[in-house]
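# Descriptive analysis of the structure
Below are the chains, spelled out letter by letter.
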Amino acid sequence: MLKSKFQTSKFFSLLAFAAVISLSVVSPSSAQTTNGQVIITWEANNYIPAGFTGKPLPAPHTEIVVSAELIQNNKLMDVSGAEIRWFVDDEFLKSGTGLKTISFYAGQEDDGYASVRATIVTKDGSFQNSLQIPIVSPEVVLSYKSPTGAVAPDSQITVEAIPFSFSIRSLSDLSFFWSVNEGRVDTKGNVLTLNVGTPKTISQNTVQISAATQNNLNPLEIAKSLLFIPLQTSQ
């Protein structure tokens, strides 16, 4: 299966980075009296393509759920009676007794990250940790099946538009707009089936397919992708 190489490499490099920072452990603060570590984890509540096993990355307007736990002496502590304070981008968000989990909506971050900090105050002292969550733009990857990459003339191909990081819950919340060789195609949905003819000129040896994907719930959330499919030529 072939995909838009630039988009997939960019997207999965971000996935690898997110996997590293999604579980963050640092040295405890100097204010504490007992060794301890705060562990912060997060997840993005946005659309995941079927069969995708990676960690979904949040886009602006995506809900992010963050949780904190306290480890002391290699044991998970009960912090139901502890005061837990939360900060996002160095601004106080909320606090509460036993408030281990909070949620917030990602903004349009200038540096591409949302900074989250949690402070847990117990009878043993104050413990804190922070992490940065990558905020990405929505993307759409165009994919088709071909063992060699090229397709035979006078054949039929199917191209799928696979969206990532849109702030939606269902594929039906998206609209897809297709074009082939810069001509608009009246096709609905994220799958385009195309009959390829026989090229008559050198310029016709490649099929150019583009797709624009728009969030129906937030029309400003749009992603575009361009794909060039070579046609097999006789030797």
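Residues numbered from 1 in each chain as written. Predicted model: local features only at pLDDT ≥ 70, side-chain atom pairs only at ≥ 80, totals over all residues. Heavy atoms only, no water.

### Concerning the pattern of salt bridges
In total, this model carries five salt bridges according to the counting rule given. One salt bridge connects Glu-83 with Arg-85, and the closest N-O pair in it is separated by 3.1 Å. (Salt bridge = Lys/Arg side-chain N within 4 Å of Asp/Glu carboxyl O.)

### Remarks on unusual backbone geometry
Most peptide bonds take the trans configuration, and most residues that are not glycine carry a negative phi. The phi dihedral of Asn-73 is positive, around 50°, even though this residue is not glycine. Located in the positive-phi region is Asn-74, a residue other than glycine, with phi close to 65°. Here Asn-74 is to be found in the loop between β4 (63-72) and β5 (75-76). (Helix = DSSP H or I, 4+ residues; strand = E, 2+ residues; numbered from the N terminus.)

### What about the environment of Ala-152?
The residue Ala-152 is located in the loop between β11 (139-144) and β12 (156-164) in this model. In the structure, Ala-152 is positioned 79 residues away from Leu-231 in sequence and 5.7 Å away in space, judged by C-alpha atoms. In this structure, Ala-152 is in contact with Val-196 and Gln-232, ignoring residues within four places of it in sequence. (Contact = heavy atoms within 4.5 Å.)

### Here's the deal with the sheet that holds strand β17 (residues 222-230)
Overall, antiparallel pairing links the four strands, which are arranged β14-β13-β16-β17 in an open sheet. Each end of this open sheet is capped by a strand with a single partner; those strands are β14 (183-185) and β17. Averaged over all pairs of adjacent strands, the angle between their axes in this sheet comes to 25°, without regard to strand direction. Inspection of the sheet shows strand β13 (residues 174-180) paired to strand β16 (residues 206-215) by seven bridges, in the antiparallel sense. Across the sheet, Trp-178 pairs through a bridge with Ala-211, a residue of β16. (Pairing = 2+ DSSP bridges. Axes fitted to C-alpha atoms, helices over the stretch in contact; angles between N-to-C directions.)

### Considering the packing of aromatic side chains
Evaluated as defined, the whole model comprises two aromatic pairs. Ring centres of Phe-87 and Phe-92 lie 5.7 Å apart, and the angle between their planes is 70°; on these two criteria the pair is classed as edge-to-face. You can call Phe-87 buried: its relative accessible area is 16%. Positioned above the aromatic ring of Phe-87 is the side chain of Arg-117, whose terminal nitrogen or guanidinium carbon lies 4.1 Å from the ring centre. (Phe/Tyr/Trp six-rings, centres within 6.5 Å; stacked < 30°, edge-to-face > 60°. Buried < 20%, exposed > 50% of the residue type's maximum accessible area, 1.4 Å probe, protein only. Lys NZ or Arg CZ within 6 Å of the ring centre and 35° of its normal.)

### Here's the deal with the nonpolar core
Ranked by size, the top nonpolar core spans 26 residues in total, and within it Trp-42, Ile-64, Val-66, Trp-86, Phe-104 and Ile-120 carry the most contacts. Sorting the residues of this core by element identifies β3 (37-45), β4, β6 (83-88), β8 (101-105), β9 (113-122) and β10 (125-134) as the ones contributing at least two each. One finds Val-159, Trp-178, Leu-194 and Leu-231 within the second-largest nonpolar core, a separate group that totals 24 residues. (Core = buried A, V, L, I, M, F, W, Y, C linked by side-chain atoms within 4.5 Å.)

### Observations concerning the sheet that holds strand β7 (residues 91-97)
If you walk across this open sheet you meet the four strands as β7-β6-β9-β10, and the pairing is antiparallel. The open sheet has two edge strands, β7 and β10, and neither has a second partner. Between one strand and the next, the sheet's axes are offset by a mean angle of 15°, whatever the strand orientation. In terms of strand pairing, β6 meets β9 through six bridges, oriented antiparallel. Among the inter-strand pairings, Trp-86 is bridged to a residue of β9, identified as Ala-118.

### Some points on the pairing of β6
Pairing between β6 and β7: six bridges, direction antiparallel. Each residue of the ladder has a partner; that of Trp-86, found in β7, is Lys-94. Taking the residues between adjacent antiparallel strands as the criterion, β6 and β7 are bridged by two residues, where Asp-89 takes a positive phi near 55°.

### Observations concerning the confidence of the model for the protein chain
Per-residue confidence for the protein chain gives a mean pLDDT of 85, with 84% of residues at or over 70. When mean pLDDT is compared element by element in the protein chain, β6 scores highest at 98, while strand β1 (residues 2-3) scores lowest at 40. Across residues 1-33, confidence stays below pLDDT 50; counting only partners more than four residues off in sequence or on other chains, it has 78 contacts. (pLDDT = per-residue confidence, 0-100.)

### Quick look at the environment of Leu-174
Looking at the secondary structure, you find Leu-174 in strand β13. The sequence separation of Leu-174 and Asn-216 amounts to 42 residues, and the corresponding C-alpha distance is 5.5 Å.

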